[in-house]
Amino acid sequence: MDFTYVIYSHTDFLDMLNIASDYSKHIENKILLINENKILPEEIKLNFKKIIFYDDNLSYTAKIAKILSEIESKYILFTHEVDIILNNDQKILEKLVEIGRAHVWTPVTFLYL
């Protein structure tokens, strides 16, 4: 299944990101979206397949639209660092994808201005 977990965060919330990162260690295909910085701890970096840095000067909507257009997965689970994944039930996620396919959801195209 072409599925990626995406966690949005900011370095102001590194304490929560540490917790979210720790709880999601078992998830392989996950991406971190975080503001451009030089203080991201190595133990957090190692828990993500990819890290995408965003420009903190952009509005929240502009950040998300720009970043999501860079993710190649067909399906994503978008969360924030405060939305800690306690139980990763793959069967439920597969069922949601199956429902999406049955209803012919079309990919969203993001327009970044």
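Residues numbered from 1 in each chain as written. Predicted model: local features only at pLDDT ≥ 70, side-chain atom pairs only at ≥ 80, totals over all residues. Heavy atoms only, no water.

Undergrad: What's the story with helix α3 (residues 60-68) in this structure? I'm lost.
TA: Given 3.6 residues per helical turn, the α-helix brings residues three or four places apart onto the same face. Taken residue by residue, α3 has A62, K63, I64, A65, I67 and L68 as its buried positions. Lining the buried residues of α3 we find β1 (3-8), β2 (30-35), β3 (50-54) and β4 (75-80). (Buried < 20%, exposed > 50% of the residue type's maximum accessible area, 1.4 Å probe, protein only. Helix = DSSP H or I, 4+ residues; strand = E, 2+ residues; numbered from the N terminus. Contact = heavy atoms within 4.5 Å.)

Undergrad: Would you explain the pairing of β1 in this entry?
TA: Consecutive side chains along a regular strand alternate between the two faces of the sheet. Among the 6 residues that make up β1, 6 are buried, leaving the element largely enclosed by the rest of the structure. Judged by which residues are buried, β1 turns out to be covered on both faces: F3, Y5 and I7 on one side and T4, V6 and Y8 on the other are all buried. Note: β1 against β4, 6 bridges, orientation parallel. Looking at the pairing, I7 lines up with T79 of β4. Of the strand pairs in this sheet, β1 and β2 are connected by 4 bridges, and their pairing is parallel. The residue of β2 that forms the bridge with V6 is I31. In this fold, the crossover linking β1 to β2 by way of helix α1 (residues 14-23) has right-handed handedness. (Pairing = 2+ DSSP bridges. Right-handed = clockwise from strand over helix to strand, strands pointing away.)

Undergrad: Teacher, can you tell me more about the side chain of T4 here?
TA: Within the element layout of this structure, T4 appears in strand β1. Judged by its relative accessible area of 2%, T4 is buried. Residues in contact with T4, not counting those within four places in the same chain, are N29, K30, I31, S73, Y75, I76 and L77.

Undergrad: In this structure, what is going on with the pattern of salt bridges? I would like to understand it.
TA: Two side chains that carry opposite charge are able to pair once their charged atoms sit near each other. Scanning all chains against the criterion turns up 5 salt bridges. Among the salt bridges present, the one from K25 reaches D22, with a minimum N-O distance of 3.2 Å. Note on K25: relative accessible area 51%, which makes it exposed. According to the relative accessible area criterion, D22 is partly exposed, its value standing at 44%. The salt bridge involving E70 is made with K66; its shortest N-O contact spans 3.5 Å. (Salt bridge = Lys/Arg side-chain N within 4 Å of Asp/Glu carboxyl O.)

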